[in-house]
Number of protein chains: 4
Amino acid sequence: MENSEGRRLGIAIVGAGGAVATTAAAGVELMRLGLAGTQGLPLAEVAPGGRFSRVGDIAGYTALVFGGWDVVGDDLATAAEGHGVLGHRELAAVGPALSVMRPWPAVGDVSWCTNADGRHLIVAPSKRAAVEQMREDLRVFGEGVDAVVVINLSSTERMADLASPQLATLEGLERAIDEDDPGIPPAVLYAYAAISEGVPFGNFTPSVACDAPALVELATDRNVPVAGKDGKTGQTFIKTVIAPGLRSRALKVDGWFSANILGNRDGEALADPESNKSKLQTKGSVLDDILGYEVEDHVVRIDYYRPRGDAKEAWDTIDLVGFLGEKMQLKLNFLCKDSILAAPLVLEIARLLDLASQRGDGGMQEQLGLFFKAPQTPAGQRVEHALHVQEELLLQWLAGTGSRTE
Amino acid sequence: MENSEGRRLGIAIVGAGGAVATTAAAGVELMRLGLAGTQGLPLAEVAPGGRFSRVGDIAGYTALVFGGWDVVGDDLATAAEGHGVLGHRELAAVGPALSVMRPWPAVGDVSWCTNADGRHLIVAPSKRAAVEQMREDLRVFGEGVDAVVVINLSSTERMADLASPQLATLEGLERAIDEDDPGIPPAVLYAYAAISEGVPFGNFTPSVACDAPALVELATDRNVPVAGKDGKTGQTFIKTVIAPGLRSRALKVDGWFSANILGNRDGEALADPESNKSKLQTKGSVLDDILGYEVEDHVVRIDYYRPRGDAKEAWDTIDLVGFLGEKMQLKLNFLCKDSILAAPLVLEIARLLDLASQRGDGGMQEQLGLFFKAPQTPAGQRVEHALHVQEELLLQWLAGTGSRTE
Amino acid sequence: MENSEGRRLGIAIVGAGGAVATTAAAGVELMRLGLAGTQGLPLAEVAPGGRFSRVGDIAGYTALVFGGWDVVGDDLATAAEGHGVLGHRELAAVGPALSVMRPWPAVGDVSWCTNADGRHLIVAPSKRAAVEQMREDLRVFGEGVDAVVVINLSSTERMADLASPQLATLEGLERAIDEDDPGIPPAVLYAYAAISEGVPFGNFTPSVACDAPALVELATDRNVPVAGKDGKTGQTFIKTVIAPGLRSRALKVDGWFSANILGNRDGEALADPESNKSKLQTKGSVLDDILGYEVEDHVVRIDYYRPRGDAKEAWDTIDLVGFLGEKMQLKLNFLCKDSILAAPLVLEIARLLDLASQRGDGGMQEQLGLFFKAPQTPAGQRVEHALHVQEELLLQWLAGTGSRTE
Amino acid sequence: MENSEGRRLGIAIVGAGGAVATTAAAGVELMRLGLAGTQGLPLAEVAPGGRFSRVGDIAGYTALVFGGWDVVGDDLATAAEGHGVLGHRELAAVGPALSVMRPWPAVGDVSWCTNADGRHLIVAPSKRAAVEQMREDLRVFGEGVDAVVVINLSSTERMADLASPQLATLEGLERAIDEDDPGIPPAVLYAYAAISEGVPFGNFTPSVACDAPALVELATDRNVPVAGKDGKTGQTFIKTVIAPGLRSRALKVDGWFSANILGNRDGEALADPESNKSKLQTKGSVLDDILGYEVEDHVVRIDYYRPRGDAKEAWDTIDLVGFLGEKMQLKLNFLCKDSILAAPLVLEIARLLDLASQRGDGGMQEQLGLFFKAPQTPAGQRVEHALHVQEELLLQWLAGTGSRTE
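Here's a quick rundown of the structure. From a predicted model like this one, the values you see are computed outputs, not experimental measurements. (Residues numbered from 1 in each chain as written. Chains lettered and ligands numbered in written order. Predicted model: local features only at pLDDT ≥ 70, side-chain atom pairs only at ≥ 80, totals over all residues. Heavy atoms only, no water.)

Tallying the contact residues gives 23 residues for chain B and 23 residues for chain C. In this structure, the connection of chain B to chain C is made through ten salt bridges. Salt-bridge contacts for Arg308(B) lead to Asp319(C); the nearest nitrogen and oxygen are separated by 2.8 Å. Joining chain B to chain C, the criterion identifies 22 residue pairs in polar contact (both at pLDDT 80 or more). Broken down by class, the residue content of the side of chain B that touches chain C amounts to nine nonpolar, four polar and ten charged. (Contact = heavy atoms within 4.5 Å. Salt bridge = Lys/Arg side-chain N within 4 Å of Asp/Glu carboxyl O. Polar contact = N/O pair within 3.5 Å; in protein donor to acceptor, adjacent residues only side chain to side chain. Nonpolar A, V, L, I, M, F, W, Y, C, P; charged D, E, K, R; others polar.)

What follows deals with the pairing of strand β1 (residues 9-14) of chain D. Residue and element names in this part refer to chain D. Among the six residues that make up β1, six are buried, leaving the element largely enclosed by the rest of the structure. Residue alternation in β1 divides its side chains into two sets, Leu 9, Ile 11 and Ile 13 and Gly 10, Ala 12 and Val 14, and both sets are buried. In this sheet, strand β4 (residues 64-69) lies alongside β1 in parallel orientation, the contact comprising six bridges. Looking at the pairing, Val 14 lines up with Trp 69 of β4. Relative to strand β5 (residues 147-152), β1 runs parallel, the two being bridged by six bridges. When the bridges of β5 are listed, Ala 12 appears paired with Val 150. (Buried < 20%, exposed > 50% of the residue type's maximum accessible area, 1.4 Å probe, protein only. Helix = DSSP H or I, 4+ residues; strand = E, 2+ residues; numbered from the N terminus. Pairing = 2+ DSSP bridges.)

Okay, the pattern of salt bridges next. Tallied over the full model, the rule gives 88 salt bridges over all chains. Measuring nitrogen to oxygen at the nearest pair gives 3.0 Å for the salt bridge that ties Glu384(B) to Arg382(B). For Asp289(D), the salt bridge is made with Arg382(D), and the minimal N-O distance between the two is 3.4 Å. Taken as a pair, Asp289(D) in helix α12 (residues 286-291) and Arg382(D) in the loop between β12 (363-364) and α14 (387-398) lie far apart in primary sequence, 93 residues in all. When salt bridges that share partners are traced, they join Arg135(A), Glu136(A), Arg139(A) and Glu197(A) into one network.

What connects the two chain copies is a rotation about an axis and a shift along it. Mapping chain C onto chain D leaves a residual RMSD of 0.0 Å; the transformation is a rotation of 180° accompanied by 0.0 Å of translation along its axis. The operation mapping one copy onto its partner corresponds to a two-fold rotation axis. Considering only C-alpha atoms, the residue of chain C closest to the rotation axis is Leu332(C), which sits at 2.4 Å. Comparing interface residues between copies, 100% of those in chain C also sit at the interface in chain D, which points to an isologous, same-surface contact. (Least-squares fit on C-alpha atoms with pLDDT ≥ 70 in both.)

Structure below.
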């Protein structure tokens, strides 16, 4: 559909062998083979690829190329089969292409994420040396494509303190890397390596990465686009669609209870209370921002539940107060698939970060907020969570009239 | 809260003793007594009342005065008690005020609505004479207030053919009235009387009223604002909130099944298959417009179910197709209250029709589309159903920059 | 698991190429190949096959052999693929066995069921001759097995009047057959042929078949076991599990609303209002019997909804009144698979009808009531619907102490 | 309805001012006034009161008299108003009767239950002295009635170790009381006092009480009936109704996820992780017993959620595996009211413990298992959880043919 001689974009994924990453890679291959359409790809109609707007080419879906790191060394065909997202026909079709993709050795640190216990690790005498290896990986990867972006899809790390000396300033971070300080989350190292190399970085996880002040500083200095955090896929996506409607009708949200169950590796990671806490935090503030008042009883629970595998389920029950103080309830039940919702967003974020880079738009990319549970926003500024407002911002930016292009 | 010396607006309701009408009247009285807040009133914050925008005063909620027709002659306190919407405390508080409100004799026609079988009827030798009586009612009502609007809240009539000679042209309608033609639905007579009298008319029911071409012609000629039809309260409201979000994420709607149960008088009327058909039609086209493609399997069912009374329930199950053709499901369950959702919209429509009248905006009021399941739209023009887009249109009009004000 | 030299039982199915029938046949084949376990088979543990109780051998699951009639002549492998119940792996495994099974020409009558429009028809000059052909089919089929039973799985026919002269007495039915009377539903012809031939007959559909008084008379005279009607698979199964519990806690059922959506051929047949009526009737009386009082507001809706295919969905909302008249609600949502729930019941009914035949238990088999929505019960006797009571009856009969064995 | 000169039974409640206790007392008063029927009372039809069976009178509902202890000293009218269970009309009707009921000073111990922080406390120099005070309270209460039973309705305590020296043997418990050992949960003290006084004891909470081996020993020695524990009201009640049905159809439960939200004082107590653990334990083993195999993924969550108050909500999603290994899902959503479900069970337990006492049936009352989440059962014996089996046991015992009466 798009010009095969168009721009080729390399996506280097942190956690390249994970469920979302392999679904993204397999999906692109299935599109290449004509076995999959563009369902679930938000920009398939408005920005399918090709020359776009005033400045810049946007890479077509089938011009995307995958690389990346993983603490498990399995090739992507093996990894994809293990995740159970794709059916037998799909696996058979993409097997040849995926079996030759093998992740690069990664940095894993079980003190930050108990799940990151693989043995396919970067051998380096120091954190600084590990960062150098990552940068070298990106340079080699970049030789075969027109540009590279990095997307973080690794398991959720425990919460880090953004005010700690290692993360608060670029100077502190540089020193911490030099001193092999254990207080640096691996996700931050990846972001540091990418930005230092001039490569855009998208953080699809709840972990602290390019939102650390130290890295915002670096991204601004180097004028490298960054965006995050935590992909808005299932329950929070629906929440940011429904809540604006409730506000429009002045239906007061007296409480909102959200249960989530999922059974994939991401779910297992969240069985660790520390990682769970990171996840819950990015989910928390969404409502208050949209509604314009504090919902005192906004409870969110996430539970690992094996039988579902990658097919997660969300159940929400919402207590509403309407005219004359009368109570009503709205309940939502979303039977969805984690990787199927996440993978297309990963492709769009990568394509748009690359477009921003071509346009010379560095630093935080607020117009990508619609893809994230906790959109990166300049300090002190109100965070926009309403999906339709976020979408309008992106469309304006794409059309070249958004504020980002000034 | 608003100036008590502000503009006084009279609302003449067709079906003044119904559940929605009495809830609206009681609600205004409760606000007057300081016993109810403004929950559920969409414009409570943006247009609470007082001088508004460039032209016109907007009536405050507590400056609304109720009148209207009903085929049942009970006073409004008695009627409200029978509907079971309000609690004992509320009924006790508003009893004195409502018990002195008694509907004017009405035109009912069981050949158009089996439910309209009351005996509190206009005694008139002809349809033309009945229309004259309605106009006289409006003139008398208007003496005590600054302005009057009419809102149709009567039970749903069976479907009428807009292309029939009685409804297709103003000339045909005039002749049909003169000839006492049984092919004129009562709702059309009310609309004809109001518009002839220069009084704005809002159609909150699925019946044919001011959307008949004959009446559009009259409203345009006389420059009288009209709006309809069928208040967007429960399931369709939620549908027009959710569907834009699904489109934003390119989640293909493969099917949408909607069940509704309700047990009030409106529900009983819908137990008549002909009235039910009218209702289903106004619900039908909503999805296709928003999504931009035809949803072949959009099934809507409405059932009368006594145990709920006024507290209706909607259940939706939506079949989605996402990335790589994978199937997912979203289910919605809305435990709501018909009159509690409808009454505040009635108040807002009345206040805005009056504002339009002051601004000199006659004919169809497209900026009120957010309040209706089937927004009245110029022939041949695409109907906008997405709630957030509709809301934006209204806000622009309120701010005086919308196209309606040119 | 069971003795391969055990009793071989032939199941002749009316509608042999349907979704339930092909799932049953494929399931037996998958068990034979060791590719399926006994999940979903209610008697897998208590009566897996082999010599059972005082009298009679019970056929093992893998000793079941399939035959039967269908108005469509496709082989069972082709038919199974079309129904979309089984996955590719299962279809591949059972393909060789099913592709050699081809239904016998059938009697179809679109005046009784609009769905029965196939062209693979018995060529016979009269109804009597068609019956003779069916009996001949059963005799030929019986040559290769130890015994035969017939199970009716054809699409639901429109309602028939059991008091009509054709159905009320055996004499009337004989005369009607002789006179080629169009007032005989095809299902009755099949039942007549089977019982006449001494072959047990199970009616898994809502159609009138062996419950016509004429056939009860015949089955009693000939001492042939019969059972029906309408397999209790999805929503009604759950209903007869829940309702006894509500009665145990004295929670008054004030209303019960049941919505069903399904997208298979059975669902299409029910889109015909006449067939739908038959279905609703067998679903209707269940509650009152269990609860011991009339539930005035028991509403059941069935809708054809293509996107689901064979995977039907039931949604129930139940209004309960508890201590001090307080209202509560219970909601059920069953995402199930029609043929997957039905096929194992078909196997059990067939095995048990055969056991009854060996025991000399002719006529209505009340102990099989747990498998049916409208259990066949002697005239004037209370129908037992509570699943746990029905199960107890069957277990007692199996143990040889039930009243049926006297 | 029952003889007003019948047996008068006093119910002494631990936690007499709680939501369940005040609902029970108010309910009896409303029945006495003819303002409430017998909905929700499981034995209203089979054992309404009066002479029953071979031995013993059963107290009628309106012959029940309330007393008991509470750490908060408010009269029951004040307490009931605070719980928000009853409406204004009910509160007004029972106010006069309830306002003269004032709980006796209680033993509370925040080290066992953080919620038990009231100041209406028994003043006693030692645990032994406190026990003596409780016994004195029971003797005084007993003077005005024919018999007394004690029911524990106090907030859930943290888990206690039944193998600890204080609880494992009667000798150990006696010594611990004498030594003022802090290792005795308050609930155990109440049970000890009641049994010592020959008064039957029912434990409606998840706390350790009469199921401590020390107290089983005492109850057996003194031949005093005891029963527990943890009233089976909402989600677990439904679970023990549904699970037997799934077993009947051989639908394998692959996983069962249960979420609970409630906003009353009981819910607040469960916000304490230690109390929550006690609660979850009594809920846990239910499924495996009924199904006959271990459900690996049975997850139960309970959350405090203020907006609901006493109206709790349960949501269950169940993963089923049926014929040919096909997956299905059943979801339950129970919108119920905690005290409304619990109070009538409390009345029944009290009446039946009294009947057992008259019959001379001491020790554990297994026939009362249907009222409890974790029915007290002799050590080493299988626990019966299926509601319909439990009900059958009770009915047999009532009829005098059950094993308990031998």
